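The residues making up each chain are set out below.
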Amino acid sequence: MAKAADNTIYCGPCESQHLTSVADLWCPNCDEGLCSKCKEYHKVSKSSRVHETITIENLMTLPDFVRNIHHLCSSHDNALELYCSVHEKTCCADCVSFDHFECPGITLLTKVVQGVKESAFYHSIVKNIDNITEFATKLKKNRLKEIERNIANEEENLICFTEEAGMMETSVKMEFTNEIDGLEQELNKMGNLEIIKVSTDMPFPGMKSQLAKCLFDIQSGIDHIKLNYLSHFQLPFDTDINICGCVILDDERVILANKNSNNSTGGLHIFRESGEYLERIFCPSKPSGISIINRSSIAVAFCEEYCIKVYDSENFKIKQKLS
């Protein structure tokens, strides 16, 4: 396709005569543009009178991948007017002579595509494209939620990082003695040097900064721990119970890992924070431990399988298996 820098398409026959004329029509069969003069010859020429042309305006509205489809054989420079159903590819007359002479069912390409828009296969493809487009749109919105979760996880990690001992701010406090007289003489003691570590007062610009301050203000030590009864969790069966782990998710759901020999009762059991039983997650072998990794992932250990499986805390599908 002959184009200038401004995407102007020029007439192919004129260019072959070293002339420059802007094309009005495009012939897909000839794979070139036609000016107002050449298009009249194109209509009456025996080799091109049956060719269907389109306007340059309509051509430019087509997607790039459609406009870049080649209509001439790259090997023989002939029009691709035939179709081989054996190899499922277009071909020219020379291609048939050299490469497809033993292939049955060589058909004119115009007959192959005739009525394709009315076919069930065409409508099926269009429907599939619509479904994929809709799925991609939903996926984009869903992944934006995943980005929010990742940001929340990173924020939580930063908060934990600022609370580590290595992030404590250091100040130096020095008290001088009263025995400054005779400073020119050797002194056994000049003063007391004390290093004090305090929590940084740098405010974290996230929604967890207030929570981090509250957690820092909580006094540590077992003497300050007070237990309050909240909920009672009852499994829907009373036999073969061996609870080997328990975690509480951010949405207050409680997960109990039941390690037993009964496949109908073992696995992971999910409760609401009120104690209401929600569902059981089947595990092919006995769980031996459970832990929270982050907001969206939990890890369950399986001794019999010599592995740790990472589950999605929303749908409890296995995301990763660690040997």
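Residues numbered from 1 in each chain as written. Predicted model: local features only at pLDDT ≥ 70, side-chain atom pairs only at ≥ 80, totals over all residues. Heavy atoms only, no water.

Taking an unreviewed UniProt entry as the reference, the protein chain is identified by name as B box-type domain-containing protein belonging to Mytilus edulis.

Considerations on the overall build of the protein chain
Check the secondary structure of the protein chain and you find 8 helices and 16 strands. Sorting the 323 residues of the protein chain into buried and exposed places 24% on the buried side. Within the protein chain, contacts between residues at least 6 apart in sequence are counted, and of these 32% link residues at least 24 apart. Within the structure as shown, the protein chain displays about 23700 Å² of accessible surface, and the carbon and sulfur contribution to it stands at 54%. (Helix = DSSP H or I, 4+ residues; strand = E, 2+ residues; numbered from the N terminus. Buried < 20%, exposed > 50% of the residue type's maximum accessible area, 1.4 Å probe, protein only. Contact = heavy atoms within 4.5 Å. Areas by Shrake-Rupley, 256 points an atom, 1.4 Å probe, with all protein chains shown as cover.)

So, the packing of aromatic side chains
The final tally for this structure, using the stated rule, is 2 aromatic pairs. Pairing Phe271 with Tyr277 gives two aromatic rings, centres 5.1 Å apart and planes at 75°, and the pair type is edge-to-face. Phe271 gets classed as buried once you look at its relative accessible area, which sits at 0%. Chaining the aromatic ring pairs together yields one cluster made of Phe233, Phe271 and Tyr277. One residue, Lys309, lies across the ring of Phe302, its end atom 4.9 Å from the ring centre. (Phe/Tyr/Trp six-rings, centres within 6.5 Å; stacked < 30°, edge-to-face > 60°. Lys NZ or Arg CZ within 6 Å of the ring centre and 35° of its normal.)

Points about unusual backbone geometry
One non-glycine residue, Asp31, lies in the positive phi region at around 60°. Structurally, Asp31 is set in the loop between strand 1 (25-27) and strand 2 (32-34). Using a relative accessible area of 22% as the deciding quantity, one classes Asp31 as partly exposed. With a phi close to 75°, Glu252 is a non-glycine residue in the positive phi region. One can find Glu252 in the loop between strand 9 (243-248) and strand 10 (254-258).

Quick word on the pattern of salt bridges
This model, assessed by the stated rule, comprises 6 salt bridges. Here Arg295 makes a salt bridge to Asp250, at a shortest N to O gap of 3.2 Å. Of this pair, Arg295 sits in the loop between strand 13 (289-294) and strand 14 (297-302) while Asp250 sits in the loop between strand 9 and strand 10, placing them 45 residues apart in sequence. According to the relative accessible area criterion, Arg295 is partly exposed, its value standing at 28%. Salt bridges linked by common partners bring Glu156, Asp250 and Arg295 together as one network. (Salt bridge = Lys/Arg side-chain N within 4 Å of Asp/Glu carboxyl O.)

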